[in-house]
Amino acid sequence: MSLSDRPTVRLRPEIVALPAYKQGKPADASAFKLSSNENPFDPLAGVIAAVAAETAYNRYPDASALLLRERLAAKYSLDVDQVHIGSGSVALLAQLILAAAGPGDEVLYSWRSFEAYPSLVTVAGATSVCVPNRIDHGHDLPEMAAAIGENTRVVIVCSPNNPTGMIVTKDEFEAFMAVVPTDLLVILDEAYIEFVTEADAVSGPALLARYPNLVVLRTFSKAYGLAGLRVGYALGPVDILNAARSTAIPLSVTIQAAAAAIASLAAEKELLERVRIIAARRDATWRALTGQGWKIPAPQGNFIWLPTGAETTSVTAALSAAGLVVRPFAPEGIRVSVGEEEAMATLLLMCADLVDTLPVDHPARQLG
Ligand SMILES: Cc1ncc(COP(=O)(O)O)c(C=O)c1O
């Protein structure tokens, strides 16, 4: 036994067994990073200036990011305490799970979905219950409703779903909420909502008044391009958000992150024009892939899902050799973030040939 793998202190075995958080692979200067669903546009000059103006590095930030909460409360016509800010929406997910679920409790979600869910549940000491995605890669909400038991404490619904890109419709969500016990916390994870163009998709904020057990999560990381500054928000009932606040690591949201988010809200029109460009690029790429013979779900986030199955590793390697760093989830598929125009052109060039390397009856190939 070497010094490095000798046990030192007694750790929780379920934590030791957790796989380390796998970040999207970095890309070298000649490659495109399409592995983390980041925004390919550079930050706006006004946002950079707002961050640069916050120079009180020697001071702690305002613990609740009140100014940002006020702006968001006004945007969504909510009370300021119905808004809670976190260092990324993943921090808010962790807080909400910790607040509601512990040992012996279950957290229910569709799978495959956001890769952070399983470890956040394990860290809380709770147990994950996963319901497989439908064959079309969307959430199977009736099956999820059927999986709710007396130990279920949290249900996570992800729309659009990372990594498959499928939305939950408003009708599906409302039918689901109608059968969910009102004392069971439902988290609607809308990290990619701004990219959605389908009119019948669910949108959480308007539903908050109807469901006292609903919390909506959104983020500045994706549409607003602030992934590196770490700021996301939860909208929901004050009692639930207060419980989340009690589990939070204090003072995690920096003054600079809050300032960047406030400046981004002020520049929303310009930023949402970028979102429109990314969504149009996504749709054009999806149409071209479909035209090549790929059978892939219509994407609604800023990423495309290639259900490459057993061929995931070989297709990933081919894309990587062409300078595209993507995110494989072997043996299910590959998530490709919608990045620079040039990256999408290379993707299409590669995929035109790669589709023919798949067996004729492969689920990612159209029949005939
Ligand atoms: C579905 C989903 N939720 C939440 C997050 C967390 O984002 P952030 O912590 O950057 O706000 C991500 C990030 O990729 C995501 O895909």
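Everything numeric in this text was worked out from a predicted model, so none of it was measured.

This part covers the site of the ligand. Taken together, 13 residues lie around the ligand, and Ser-89, Asp-189, Tyr-192, Thr-219 and Ser-221 are the ones closest in. Here an oxygen atom of the ligand and a side-chain polar atom of Thr-219 are 2.6 Å apart. Contact with the protein chains removes 92% of the 390 Å² of surface that the ligand exposes when unbound. Each residue belonging to the shell around the ligand can be placed in one class, and the counts come to 5 nonpolar, 5 polar and 3 charged.

Take the pattern of salt bridges next. In the structure shown here, the tally under the stated rule is 15 salt bridges. Between Arg-327 and Glu-115 there is a salt bridge; the shortest N-O distance is 2.7 Å. With a gap of 212 residues between them, Arg-327 in strand 11 (residues 327-329) and Glu-115 in the loop between strand 3 (106-111) and helix 5 (116-123) connect regions that are remote in the sequence. Considered together, Arg-327 and Glu-115 belong to a single accessibility category, that of buried residues.

This part takes up the environment of Val-179. For Val-179, the location among the structural elements is in helix 7 (residues 170-179). When the C-alpha positions of Val-179 and Ile-148 are compared, they lie 9.9 Å apart, and in sequence the two are 31 residues distant.

Along its sequence, the protein chain is carved into domain 1 (3-42 + 269-357) and domain 2 (55-267). Distance from the C-alpha centre of domain 1 to the C-alpha centre of domain 2: 23 Å. Contacts between the two partners involve 31 residues from domain 1, matched on the other side by 31 residues from domain 2. When the two sides are added together, the surface that domain 1 and domain 2 hide from each other amounts to roughly 2,500 Å², 59% of it contributed by carbon and sulfur. For the interface between domain 1 and domain 2, the tally reads 2 salt bridges. The shortest N-O distance in the salt bridge between Arg-112 and Glu-332 comes to 3.0 Å. Counting across the domain 1 and domain 2 interface gives 17 residue pairs in polar contact (both at pLDDT 80 or more). Elements with a minimum of two residues in the side of domain 1 that touches domain 2: helix 1 (13-16), helix 10 (268-292), strand 9 (303-306) and strand 11. Take the side of domain 1 that touches domain 2: its biggest share by element is 9 residues, from helix 10.

Closest axis-to-axis distance for the helix 11 (residues 312-321)/helix 12 (residues 341-354) pair is 10 Å, and the angle between their directions is 140°. Taken together, the axes of helix 11 and helix 12 are oblique relative to one another. Judged by the sense of rotation from one axis to the other, the crossing of helix 11 with helix 12 is right-handed. Mapping the contact onto sequence places Val-315, Ala-318 and Leu-319 in helix 11 and Leu-347, Met-350 and Leu-354 in helix 12. A breakdown of the residues in the contact of helix 11 with helix 12 according to their chemical character gives 6 nonpolar, no polar and no charged.

What follows deals with the environment of Ala-260. Summarising the element assignment, Ala-260 is placed in helix 9 (residues 255-266). Once the C-alpha coordinates of Ala-260 and Asp-189 are considered, the two residues, 71 residues apart in sequence, prove to be 22 Å apart. Each residue touching Ala-260, except ones within four places of it in the same chain, is listed here: Val-47, Val-51, Leu-226 and Leu-229.

Rules and cut-offs
Residues numbered from 1 in each chain as written. Predicted model: local features only at pLDDT ≥ 70, side-chain atom pairs only at ≥ 80, totals over all residues. Heavy atoms only, no water. Near = heavy atom within 4 Å. Polar contact = N/O pair within 3.5 Å; in protein donor to acceptor, adjacent residues only side chain to side chain. Areas by Shrake-Rupley, 256 points an atom, 1.4 Å probe, with all protein chains shown as cover. Nonpolar A, V, L, I, M, F, W, Y, C, P; charged D, E, K, R; others polar. Salt bridge = Lys/Arg side-chain N within 4 Å of Asp/Glu carboxyl O. Helix = DSSP H or I, 4+ residues; strand = E, 2+ residues; numbered from the N terminus. Buried < 20%, exposed > 50% of the residue type's maximum accessible area, 1.4 Å probe, protein only. Domains from an automatic or database assignment. Contact = heavy atoms within 4.5 Å. Buried area = accessible area lost by both parts, 1.4 Å probe. Axes fitted to C-alpha atoms, helices over the stretch in contact; angles between N-to-C directions. Parallel < 35°, antiparallel > 145°, perpendicular 65-115°, else oblique. Left-handed = near helix turned anticlockwise from the far one by under 90°.

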